[in-house]
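A look at the structure
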Amino acid sequence: MQTNFEEELRAYFGACGALLRGHFILSSGLHSPEYAQCALALKNPAKAAEMAMELKARWRGQKPDLILSPAVGGLIIGHETARAFGVDFLFTERENGAMTLRRGFSLKKGAKVIIVEDVFTTGKSTRETAETAAERGAAVIGAMSVINRMETGKELEFPSVSLLRLDLALYRPENCPLCARKLPLVKPGSRNI
Ligand SMILES: [Zn+2]
């Protein structure tokens, strides 16, 4: 069921220019005529805080002990969500391609963790962040994102909450009508930073 909050959020994303049209290659390798540039919608701290409050309001599980987000995309919404829950915020980052905890961050055994992201695209960075937490003995109790654009049927393995479900077109490169029209391909993500 679509709520007023979702309609307003969709309109806000549109007004921020955060719903881009063009020819994009996603971290999955698939091509899409649409891309959600969440950073543009999160540039307003009050709006980011509002989104985080809504994520918290929609959460039906236990209270987390901390919020963990993969950098760079998850930093802003993760931090605001930690503020909403009144808990600490830590982030993972890639070192030689592998997701890890740096900067003196550590996790207590059994600590209840929610992974918070800007966008669920394939779920890869969410899963890698969850593995990083699990390897350190923490308990991942769920995941949250502002936008969920995962392919239908490819859900995450843990309870999850998203504010906006986007069913955006996805094409394999060999069947991509935008490639056929020779439109320049844009790689907008932060996976390789
Ligand atoms: Zn293409």
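The structure presented is a predicted model; accordingly, all values stated were derived computationally and were not measured.

**Examining the pattern of salt bridges**
Under the defined criterion, the tally for this structure stands at 14 salt bridges. Linking Arg94 and Glu128 is a salt bridge whose minimum nitrogen-to-oxygen distance equals 2.6 Å. Linking Arg94 in strand β4 (residues 88-95) with Glu128 in helix α5 (residues 124-135), this pair joins segments that are 34 residues apart in sequence. Classification of Glu128 as buried rests on a relative accessible area of 19%. Across the pair Glu151 and Lys154 runs a salt bridge, and its minimum N-O distance is 3.4 Å. Several salt bridges share partner residues, and in doing so they unite Glu6, Glu54 and Arg58 into one network.

**Focus on the coordination of the zinc ion**
The protein atoms that coordinate the zinc ion are His23 (NE2), His31 (ND1), Cys176 (SG) and Cys179 (SG), at distances spanning 2.0 to 2.4 Å. Taken together, the 4 donor atoms coordinating the zinc ion and their angles of 96 to 120° define a geometry best described as tetrahedral. Linear spacing of the donor residues for the zinc ion on their chain is H-x7-H-x144-C-x2-C. Here His31 is found in strand β2 (residues 31-36), whereas its partner Cys176 is found in the loop between β8 (160-165) and α6 (177-180), with 145 residues between them in sequence. For His31, a relative accessible area of 4% corresponds to the buried category. Under the relative-accessibility criterion, Cys176 is labelled buried at 3%.

**Digging into the pairing of strand β3 (residues 66-70)**
In terms of burial, β3 is a largely internal element, 5 of the 5 residues being buried. Taking every second residue as pointing to the same face, both faces of β3 are buried, with Leu66, Leu68 and Pro70 on one and Ile67 and Ser69 on the other. In terms of strand pairing, β3 meets β4 through 5 bridges, oriented parallel. By the bridge assignment, Ser69 is partnered in β4 with Phe91. What joins β3 to β4 is helix α4 (residues 75-85), and the crossover it makes is right-handed. Here 3 bridges tie β3 to strand β6 (residues 112-120), and the two strands are oriented parallel to one another. Counted as the bridge partner of Ile67 is Ile114 from β6.

**Here we look at α5**
Here α5 spans 16 Å end to end across 12 residues, near enough to the 16 Å set by a 1.5 Å rise per residue. Listing the buried residues of α5 in full gives Ser125, Thr126, Glu128, Thr129, Ala130, Thr132 and Ala133. In the core, the buried residues of α5 are packed alongside β3, β4, β5 (98-101), β6 and β7 (139-148). Positive backbone phi, approximately 85°, marks Gly137, located one or two places after α5.

**A closer look at the packing of aromatic side chains**
If you walk through the whole model with that rule in mind, you get 3 aromatic pairs. Summarising the aromatic geometry, the rings of Phe24 and Tyr35 are spaced 5.5 Å apart at their centres and angled 40° between planes, so their arrangement reads as tilted. Separated by 11 residues along the polypeptide, Phe24 in strand β1 (residues 19-25) and Tyr35 in strand β2 bring together distant segments of the chain. By relative accessible area, Phe24 is classed as buried at 5%. Relative to Phe91, the ring of Phe89 has its centre 6.4 Å away and its plane inclined at 35°; by these criteria the two rings are tilted. Of the residues examined, Phe89 reaches a relative accessible area of 17% and is grouped as buried. For Phe91, a relative accessible area of 17% translates into the label buried. Grouped by ring-pair contacts, the aromatic residues Phe89, Phe91 and Phe105 constitute a single cluster. Looking at Lys47, its charged tip hangs above the ring of Tyr12, at a distance of 4.7 Å from the centre.

Calculation rules
- Residues numbered from 1 in each chain as written.
- Predicted model: local features only at pLDDT ≥ 70, side-chain atom pairs only at ≥ 80, totals over all residues.
- Heavy atoms only, no water.
- Salt bridge = Lys/Arg side-chain N within 4 Å of Asp/Glu carboxyl O.
- Helix = DSSP H or I, 4+ residues; strand = E, 2+ residues; numbered from the N terminus.
- Buried < 20%, exposed > 50% of the residue type's maximum accessible area, 1.4 Å probe, protein only.
- Donors = N, O, S within 2.8 Å, 3.2 Å for Na, K, Ca; no water.
- Tetrahedral: all angles 85-135°; square planar, octahedral: opposite > 155°, others 65-115°.
- Pairing = 2+ DSSP bridges.
- Right-handed = clockwise from strand over helix to strand, strands pointing away.
- Expected span 1.5 Å × (residues − 1).
- Contact = heavy atoms within 4.5 Å.
- Phe/Tyr/Trp six-rings, centres within 6.5 Å; stacked < 30°, edge-to-face > 60°.
- Lys NZ or Arg CZ within 6 Å of the ring centre and 35° of its normal.

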